[in-house]
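An overview of the molecular structure
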Amino acid sequence: MCGIVGYIGSRDAKEILLHGLEKLEYRGYDSAGIFVINEENNGHLFKEKGRIAALRSKVDNAVEANAGIGHTRWATHGEPSVRNAHPHQSADGRFTIVHNGVIENYQEVKDAYLEHVDLVSETDTEIIVQLIAWFAETEDLDTVSAFKKAIVALEGSYAIALVDNTDPEVVYAAKNKSPLLLGKGDGFNVICSDAMAMIKETNQFVELMDKEIAVVTREELIIENFSGERIERQSYTAELDSNDLEKGTYPYYMLKEIDEQPAVMRRLVLKYQDEDDNLSIAPPMVSPITNSDRIYYNASGTSYHAGLVGKELIEEMTNIPTEVHISSEFGYHTPLLSENPFFIFISQSGETADSRQVLVKMNEMNYPSLTITNVAGSTLSRESTYTLLLHAGPEIAVASTKAYTAQIAVLAILSEVVGSEKGLIKEPNMIQDLGIVANAMQSLVDEKDTIESLASDYLSITRNAFYIGRGMDYHVALEAALKLKEISYIQTEGFAAGELKHGTIALIEKGTPVIALVTEKSVAGHTRGNLQETKARGAHTMVISMDGLDRPDDHIVIPKVNPILSPLVSVIPTQLLSYYCSLHRGNDVDKPRNLAKSVTVE
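Conventions used here
- Residues numbered from 1 in each chain as written.
- Predicted model: local features only at pLDDT ≥ 70, side-chain atom pairs only at ≥ 80, totals over all residues.
- Heavy atoms only, no water.
- Helix = DSSP H or I, 4+ residues; strand = E, 2+ residues; numbered from the N terminus.
- Rg over C-alpha atoms; globule rule 2.2 N^0.38 Å.
- Contact = heavy atoms within 4.5 Å.
- Areas by Shrake-Rupley, 256 points an atom, 1.4 Å probe, with all protein chains shown as cover.
- Lys, Arg positive; Asp, Glu negative; His and termini not counted.
- Charge placed at Lys NZ, Arg CZ, Asp CG, Glu CD.
- Pairing = 2+ DSSP bridges.
- Axes fitted to C-alpha atoms, helices over the stretch in contact; angles between N-to-C directions.
- Buried < 20%, exposed > 50% of the residue type's maximum accessible area, 1.4 Å probe, protein only.
- 1 Å grid on protein atoms, 1.4 Å probe; cavity = no way out; pocket = protein on both sides within 12 Å on 5 of 7 lines; lining within 4 Å.
- Points joined across faces, edges and corners; volume = space filled by probe spheres on them.
- Nonpolar A, V, L, I, M, F, W, Y, C, P; charged D, E, K, R; others polar.
- Phe/Tyr/Trp six-rings, centres within 6.5 Å; stacked < 30°, edge-to-face > 60°.
- Lys NZ or Arg CZ within 6 Å of the ring centre and 35° of its normal.
- Patch = residues over 30% accessible without salt bridge, like charges linked within 9 Å, V, L, I, M, F, W, Y side chains within 5 Å.
- Salt bridge = Lys/Arg side-chain N within 4 Å of Asp/Glu carboxyl O.
- Core = buried A, V, L, I, M, F, W, Y, C linked by side-chain atoms within 4.5 Å.
- pLDDT = per-residue confidence, 0-100.
- Parallel < 35°, antiparallel > 145°, perpendicular 65-115°, else oblique.
- Left-handed = near helix turned anticlockwise from the far one by under 90°.
- Expected span 1.5 Å × (residues − 1).
- Arc of directions from axis to C-beta.

So, about the overall build of the chain. Across its full length, the chain carries 18 helices and 25 strands. Its C-alpha atoms give the chain a radius of gyration of 25 Å, within 12% of the compact-globule value 25 Å for 602 residues. Considered along the principal axes of its C-alpha atoms, the chain spans approximately 75 × 50 × 45 Å. Across the chain, every contact between residues at least 6 apart in sequence was considered, and the portion connecting residues at least 24 apart equals 71%. Accessible area of the chain: about 23,200 Å², with a carbon and sulfur share of 46%. Measuring between centres, the 53 positive side-chain charges of the chain sit 5 Å from its 86 negative side-chain charges.

Let's shift gears to the sheet that holds strand 22 (residues 491–496). Reading across the sheet, the five strands line up as 22-21-23-24-25 and stay open at both edges, with parallel pairing between neighbours. Only two strands of the sheet have a single neighbouring strand rather than two, namely strand 22 and strand 25 (556–558). Each neighbouring strand pair of the sheet contributes to a mean axis angle of 20°, computed without reference to strand direction. The pairing of strand 24 (residues 540–546) with strand 25 spans three bridges and is classified as parallel. Residue pairing for strand 25: Met546 is matched across the bridge by Ile558.

Among the secondary structure elements, Asp590 is positioned in the segment after helix 18 (566–584). Here Asp590 falls in the buried class, since its relative accessible area comes to 5%. Setting aside its immediate chain neighbours within four residues, Asp590 contacts Lys247, Tyr252, Tyr253, Met254, Ala397 and Val398.

One pass over the structure, following the stated rule, counts two cavities of 30 Å³ or more. Taken together, the residues of the lining of the largest cavity sort by class into two nonpolar, seven polar and two charged.

Applying the stated criterion across every chain, the model contains eleven aromatic pairs. In textbook terms, an aromatic cluster arises when at least three aromatic residues are bridged by ring pairs, as seen for Tyr296, Phe330, Phe343, Phe345 and Tyr367. Above the plane of the ring of Tyr332 lies Lys361, whose end atom (NZ or CZ) is 4.6 Å from the centre. The positively charged end of Arg593 is found above the aromatic ring belonging to Tyr489, 3.9 Å away from the centroid.

Right, let's talk about a negative patch on the surface for a bit. A cluster of acidic residues, Glu104, Glu108, Asp111, Glu115 and Glu155, forms a negative patch on the protein surface. Within the element layout of this structure, Glu155 appears in the loop between helix 5 (143–152) and strand 7 (158–164).

The next thing to look at is the nonpolar core. Formed by 96 residues in total, the largest nonpolar core has its most connected members in Met265, Leu370 and Leu577. Element by element, the count of residues in this core is highest for helix 13 (residues 402–421), at twelve residues. Not counting residues up to four positions away in its chain, the partners in contact with Leu577 are Ile451, Leu454, Ala455, Leu459, Tyr467, Ile515, Met542 and Ile544.

Looking now at the confidence of the model for the chain. With 97% of its residues at a pLDDT of at least 70, the chain reaches an overall mean of 93. Of all helices and strands in the chain, the one with the weakest mean pLDDT is strand 15 (residues 236–237) (87), whereas strand 23 (residues 513–518) scores best (98).

Glancing now at the pairing of strand 4 (residues 67–73). Among the seven residues of strand 4, seven are classified as buried, and the element is accordingly described as predominantly covered. Going residue by residue along strand 4, you find Ala67, Ile69, His71 and Arg73 tucked away on one face and Gly68, Gly70 and Thr72 tucked away on the opposite face as well. Alignment of strand 1 (residues 3–8) against strand 4, held across six bridges, turns out to be antiparallel. Across the sheet, Gly6 pairs through a bridge with Ile69, a residue of strand 4. As paired elements, strand 2 (residues 31–37) and strand 4 share seven bridges and run antiparallel to each other. Across the sheet, Val36 pairs through a bridge with Gly68, a residue of strand 4.

A complete count under the given rule lists 31 salt bridges for this structure. As a salt-bridge pair, Glu39 and Arg218 come within 3.1 Å of each other at their nearest N and O atoms. Of this pair, Glu39 sits in the loop between strand 2 and strand 3 (43–49) while Arg218 is found in the loop between strand 12 (212–216) and strand 13 (221–225), placing the two residues 179 residues apart along the sequence. The partner of Glu220 in a salt bridge is Arg230, with the nearest N and O atoms 3.0 Å apart. Note that Glu220 is positioned in the loop between strand 12 and strand 13 and Arg230 in strand 14 (residues 230–231), a separation of ten residues in sequence.

A separate point is the packing of helix 7 (residues 261–271) against helix 13. Each pair of packed helices gets described by two things: the angle between the helix axes and the distance between those axes. Direction vectors running N to C along helix 7 and helix 13 enclose 25°, while the axes themselves pass 10 Å from each other. As judged from the angle between their axes, helix 7 and helix 13 are roughly parallel. The way helix 7 lies across helix 13 gives a crossing that is right-handed. From helix 7, Gln261, Val264, Met265 and Leu268 reach across to helix 13, where they touch Lys402, Thr405, Ala406, Ala409, Val410 and Ile413. The class makeup of the residues in the contact of helix 7 with helix 13 is seven nonpolar, two polar and one charged.

On to unusual backbone geometry. The omega torsion across His86 and Pro87 is 0°, close enough to zero to call that bond cis. Unusually for a residue other than glycine, Lys211 sits at a positive phi of about 60°. You can see Lys211 is positioned in the loop between strand 11 (204–207) and strand 12. The partly exposed category is assigned to Lys211, whose relative accessible area is 48%. Its identity as a non-glycine residue notwithstanding, His391 has a phi of 55°, on the positive side. Secondary-structure assignment places His391 in the loop between strand 20 (386–389) and helix 13.

Here seven strands make up an open sheet; going across it, the order is 5-6-7-8-12-13-14 and the pairing antiparallel. In this open sheet, the two strands that pair with only one neighbour each are strand 5 (88–89) and strand 14. In terms of strand pairing, strand 13 meets strand 14 through two bridges, oriented antiparallel. Within the sheet, the bridge partner assigned to Glu224 lies in strand 14 and is Arg230. In this fold helix 4 (residues 124–138) packs onto strand 5, strand 6 (95–100) and strand 7, with an angle of close to 140° to the strand it touches most, strand 6.

Moving on, we come to helix 15 (residues 448–459). Between its first and last C-alpha atoms helix 15 spans 15 Å; for twelve residues at 1.5 Å apiece the expected length is 16 Å, and the two agree. Taken as a whole, helix 15 has its buried residues at Lys448, Ile451, Leu454, Ala455, Tyr458 and Leu459. Burial along helix 15 is one-sided: seen end-on, the buried residues are contained in an arc of 125°.

This is the structure in structure tokens:
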């Protein structure tokens, strides 16, 4: 969601901050700003609603500064506007702040300490900076002490970067629940909420943990807890290739990431293959899964849909009962748990706040857990017992494509390894099956002209649409509907085909697009029958079927693969339909309105 950057060194802080914010555009935002300051204490604040390009046009290139902080905002308190954009400053002009997260008790803090302050914005963030200034002035505290006292009074999540305009040689930072990294350079240091923002400057990062404060100068990173105890922590190398962050010849990241999916499948096989050419996962990770009596998936959005497919995979190959839960619901409405549960958290970013609050509770209960994520060293990865990486490369487009298929592929690999360990799979063939999937994916991404034509025919002017399917196809229908609605803004729903007659068919009007997924032999006829019922009521129908189950008038026929892996292939044309529909409507495909790539607040 929101993004933070900070820099202190000897170079032009403006350009480093703006470039860093541009690398965070994929996270979703509605306004942006930077504050820069030089060694003579001359500070300059620039803020703008809309894209970074608009902010760039507002920044005075003549300003010279060697330190500063920047922010991309995704509105939580107050509408998108210049006055609500970050950075925010204290009434006396001394302190400047950027903040990710949500302060739950901001109204109570305001009532207790700040009734005398005329607030400029509607944000909870301004409360923080005014509170710091209040403690510094009324209790004659130095910056670290005032900062510490202020954040101790806060309830909720925060990642904060702070500048004291009277001391331009220091940038301060603090974290609780929202991610924040400190980057180490030669004669400079940086702050960022995502390593991607500063990978051009350095690949050496230090994680700031919950309820820690950092004092950052150009030569030193000092970390301490609220008690003032200094904490030593080694840096890690961020394994990001800056070339992976570029679109290259593609008009949008989403199309690039759709095209990368065959390569991701092949890469996953190589990453999880041992020297004997067998799929392998570390035994200490496999053992608690094998011995568990029930597996609980927790995820949100697209990752939740991957979990629905993963449930089918793990149950079929391991005979372990499995439940799939939406994290935001599970954390506050936890069901009765089995005696020996195992938890699997699925998150592209590894920073999903809803999943983390579940993980914290499960850790308190000493239950083992596994995070499946695309980001090594992310919060969920660090705090869970085990981690499996997606190895999909950076996913920049807000609408997830290659991370979804990578999640399913990793769950398939895990399922086969656990099933083999339990003696249920005598002849593992997932390596071969995923190779066939990769080839099938490639044949589909090469059919762009056909799929673009279908998108134009079916989805160019409609206000709503439906995907239907049964079994695995129903799970894919949910993901396909999400993809279409989030980037085209068409109200799209995915339904179990057999449920249409139980109410949903009332929504069918003349010309309503209804797209059926048909890849499962046992229910293919039923799904086609349900589709015919919508056609009889005027629906504009389309069929995506698997080779061997296809009929002459089907619109897209996907190559035959192992039926249990069919979602990896059937989802590809739905991704392309969404992409071309959004493109034809003139939308920003990579950065749809109101959405954020990484949801770091509950």
